[in-house]
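So the chains spell out like this:
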Amino acid sequence: MNKSITALAMAATIMAASCSKQAPAESAGDFDYTADRFADIEVLRYKVPDFDSLSLNQKILVYYLQEAALWGRDILWDQNYKDNLAIRDLLERIYASYDGDRESADFKAFETYLKQVWFANGIHHHYSNDKFVPAFSRAFLEERIAALPEAPAGASELVEVIFNPEIAPKKVNQAEGADLITTSAVNMYGPGVTQKEVEDYFAALKDPKDATPVSYGLNTRIVKDENGKIKEIPYKLGGLYGEAIAPIVENLRKAVPYAENDAQKAIIESLIDFYTSGDLKTFDEYSIKWAEDTASQVDFINGFIESYNDPLGMTGSWESIVNFKNIPASHRTEVLSANAQWFEDNSPVDSRFKKEKVKGVSAKVITAAILAGDAYPATPIGINLPNANWIRAAHGSKSVTLENITQAYDEAAHGNGFNEEFVIDEETSKLLDDYLFITDNLHTDLHECLGHGSGKLLPGVDPDALKAHGSTLEETRADLFALYYLADPKLIEIGLLDNPDAYKAEYYKYILNGMMTQLMRIEPGKDVEEAHMRNRKLIAEWAYEHGKDANVIEMVKRDGKTFIKINDYEALRGLFGQLLAEIQRIRSTGDYAAGRDLVEKYAVKVDPELHKEVLDRYARLDIAPYKGFVNPSYELVKDKDGNITDVKVNYGEEYTAQMQRYSKDYHPLKK
Ligand code: ZN
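Small disclaimer: the values here were computed from a predicted structure and weren't measured.

Draft legend 1. Local environment of the overall build of the protein chain. Helix and strand counts for the protein chain stand at 25 helices and 14 strands. Taken against the 2.2 N^0.38 rule, which gives 26 Å for 671 residues, the C-alpha radius of gyration of the protein chain at 27 Å falls within 12% of a compact globule. Each principal axis of the C-alpha atoms in the protein chain carries an extent, and together these give about 80 × 65 × 60 Å. Across the 671 residues of the protein chain, 58% fall into the buried class. Here the contacts in the protein chain between residues at least 6 apart in sequence split such that 74% fall between residues at least 24 apart. In the structure as shown, the protein chain presents an accessible area of about 27,700 Å², 51% of it carried by carbon and sulfur atoms. Counting 75 positive and 107 negative side-chain charges, the protein chain places the centres of these two groups 2 Å from one another.

Draft legend 2. The environment of Arg93, seen in detail. Positionally, Arg93 belongs in helix α4 (residues 84-97). Sequence separation of Arg93 and Leu148 is 55 residues, and the distance between their C-alpha atoms is 8.0 Å. When residues no more than four places from it in sequence are discounted, the contact partners of Arg93 are Leu148, Pro149, Glu150 and Pro152. A distance of 2.9 Å separates a polar atom in the side chain of Arg93 from the backbone oxygen of Glu150.

Draft legend 3. Structural context of the confidence of the model for the protein chain. Summary statistics for the protein chain give a mean pLDDT of 92 and a share of 96% for residues scoring 70 or more. Note that residues 1-28 has pLDDT below 50 and, in this model, 82 contacts with residues that lie over four places away or in other chains.

Draft legend 4. Molecular detail of the coordination of the zinc ion. Here the zinc ion is held by the protein donor atoms His447 (NE2), His452 (NE2) and Glu475 (OE), which lie 2.1 to 2.2 Å from it. Each donor residue of the zinc ion belongs to the same chain, with the gaps between them written as H-x4-H-x22-E. With His447 in helix α17 (residues 426-451) and Glu475 in helix α18 (residues 470-486), this residue pair connects regions lying 28 residues apart in the sequence. In terms of burial, His447 and Glu475 fall into one category: buried.

Draft legend 5. Representation of a negative patch on the surface. On the surface, Glu269, Asp273, Asp279 and Glu285 cluster together to form a negatively charged patch. Relative to the assigned elements, Glu285 resides in helix α11 (residues 280-292).

Draft legend 6. Representation of the pattern of salt bridges in the model. Counting across every chain of the model gives 46 salt bridges. Note that Glu197 and Lys224 form a salt bridge whose closest N and O atoms lie 3.1 Å from each other. Taken together, the residues span a long stretch of sequence, with Glu197 in helix α8 (residues 195-205) and Lys224 in strand β3 (residues 220-224) at a distance of 27 residues. Residue Lys224 is classed as partly exposed on the basis of its relative accessible area of 31%. Of the charged contacts, one joins Glu613 and Lys557 as a salt bridge, the two residues approaching to 3.6 Å between their closest N and O atoms. Here Lys557 lies in strand β10 (residues 553-558) and Glu613 lies in helix α24 (residues 608-619), a separation of 56 residues in the sequence. Overall, the relative accessible area of 14% leaves Glu613 in the buried class. With relative accessibility at 59%, the residue Lys557 sits in the exposed group.

Draft legend 7. Seen up close, the packing of aromatic side chains. For the structure shown, the criterion picks out 43 aromatic pairs. Geometrically, the ring pair formed by Tyr113 and Phe132 is edge-to-face, given 6.5 Å between the ring centres and 80 degrees between the ring planes. Here the residue Tyr113 occupies a position in helix α5 (residues 105-120), and Phe132 occupies one in the loop between α5 and α6 (138-147), the gap between them amounting to 19 residues. Here Tyr113 falls in the buried class, since its relative accessible area comes to 2%. Under the relative-accessibility criterion, Phe132 is labelled buried at 8%. Here the aromatic rings of Trp342 and Phe343 are separated by 5.2 Å at their centres, their planes lie at 90 degrees, and the arrangement is edge-to-face. Of the aromatic side chains, those joined through ring pairs into one cluster are Phe38, Tyr95, Tyr98, Phe107, Phe110, Tyr113, Trp118, Phe132, Phe136, Phe140, Phe163 and Tyr655. Between the NZ or CZ atom of Arg102 and the centre of the ring of Tyr95, over which it lies, the distance is 5.1 Å.

So, how was this worked out
- Residues numbered from 1 in each chain as written.
- Predicted model: local features only at pLDDT ≥ 70, side-chain atom pairs only at ≥ 80, totals over all residues.
- Heavy atoms only, no water.
- Helix = DSSP H or I, 4+ residues; strand = E, 2+ residues; numbered from the N terminus.
- Rg over C-alpha atoms; globule rule 2.2 N^0.38 Å.
- Buried < 20%, exposed > 50% of the residue type's maximum accessible area, 1.4 Å probe, protein only.
- Contact = heavy atoms within 4.5 Å.
- Areas by Shrake-Rupley, 256 points an atom, 1.4 Å probe, with all protein chains shown as cover.
- Lys, Arg positive; Asp, Glu negative; His and termini not counted.
- Charge placed at Lys NZ, Arg CZ, Asp CG, Glu CD.
- Polar contact = N/O pair within 3.5 Å; in protein donor to acceptor, adjacent residues only side chain to side chain.
- pLDDT = per-residue confidence, 0-100.
- Donors = N, O, S within 2.8 Å, 3.2 Å for Na, K, Ca; no water.
- Patch = residues over 30% accessible without salt bridge, like charges linked within 9 Å, V, L, I, M, F, W, Y side chains within 5 Å.
- Salt bridge = Lys/Arg side-chain N within 4 Å of Asp/Glu carboxyl O.
- Phe/Tyr/Trp six-rings, centres within 6.5 Å; stacked < 30°, edge-to-face > 60°.
- Lys NZ or Arg CZ within 6 Å of the ring centre and 35° of its normal.

This is the structure in structure tokens:
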């Protein structure tokens, strides 16, 4: 549970974000955000800003934690499918030793396939779960195997696995009615184990009255013993994956002396205990300590965490992310929360609907230092852990945004042609270039920290009075609160913006997205369904119509293409304030009919002609649907006596080189 954004939603977010900001090449400095492009994938680089602001101890802590992260890679490959590691070894040997024409069609297709396998941590697509279909011939592969100095054992079986569509067609099967274990390729269950047997086994194990249950099956492979009885083999030191867990533990031990405080030291030691014993009670103790530590700046996850790759949703895929708190960005949400009452008191809504006492929410913004296992190369932009519900309720959870990752997406979108295609003129592009990233982040902060929490219901009003339109109208309200205040001088006064015109960047993007570019996510002929998309359309279309007499927003036609032009930003702010007051009235009084009318009139129906135009223009841009990252690399700097004096971050590594290096230097499960 809880990775806040799935790959597809991610791709969609990126599309939305990419209408955000256009920067000339030089604004990115000499940092090259694009690392590779193949099949349906774009691989990016990310920066680790402010790494140098960490203390030497913190840097060394990050260093050993990222080593512990990299050592787990093989575990995930083996969890994903039993032959993944053997196939990777085979493909990499052929790739490195190939002495034929590297421009030939077969070799090019082979290279693409290898890059896909690297990206997916195995032979199944990371998002669709379907087995990749090679575009090179079987004869080519067999010939290359024969040309190897010594043919690896079992090579012909691996060729069969790669080419036979009947073998392991799907990594995780979720289709209703099938035996989800026998039809899924993942290696979390041994041969002959059926879904029913596993369900019966756990049903017998679980006590329904247990208020603090462990996460059953989280760290085990389930097999049949010699008598055909179900048993669990734990992943632990000296157990399954012990050869990979040993160097993870070794690096965790090296990290301990550099912990920032005793609480963090205890967290790392608990994790080592868990890897040593495999005991799930210890995992819960670790999770509780981790959830309660909000004081440390450096933080990390390392272990068997998310269970999406198990068709029964129990076993965790191995992953690690090492990160540190982005103090200036987290400061934004803290400042907003500290001023929450001022924003409530000064909002344009009727005073009857305002809260006398309002409390803001602050969330942590982090900088990722390494992505590993199931979080690499494709990665979430938000994380919310731990997963155990009783721990969340009793001990809290951490919700974080990986801002250097969202920034990399944003920067990388510059060259994709989106803004050249959809933004009306140079001046507006420049505005987006300069201010969209910060105003977009601030919009999210205002929406999350203040928007949802503002306002109150009149006594006796049913909170569910708006029924099916409730979530659309709630998102509309939070967005309007954010839009209205983005243009307020208060943000300059409290130091969150430095230019009174900055807000115009977000306003332009918001209207462009709400009226036009978000339509690229809708199939031809369909209505807008999703609550956030409806809310954006509602706001943009309402403002367009109510500003028509004063020509606030204009739809300009040029060479058969439609562009958004905003003529009066101040008036647009006034319209946002007016609509906020009305939506708050609807919510506070439970005026279902008025809410429904707004949604039906502005949020649902799509102009088919404009829709087709947007889809056509978007299709010509050729933007990769899936994205992921190469990591920076870290290097210890030592003086002549061998003392560590610094940790250096290096960025230039190419995708193929990084994958080859990881396979060479972090390959504990070599057969
Ligand atoms: Zn929201």
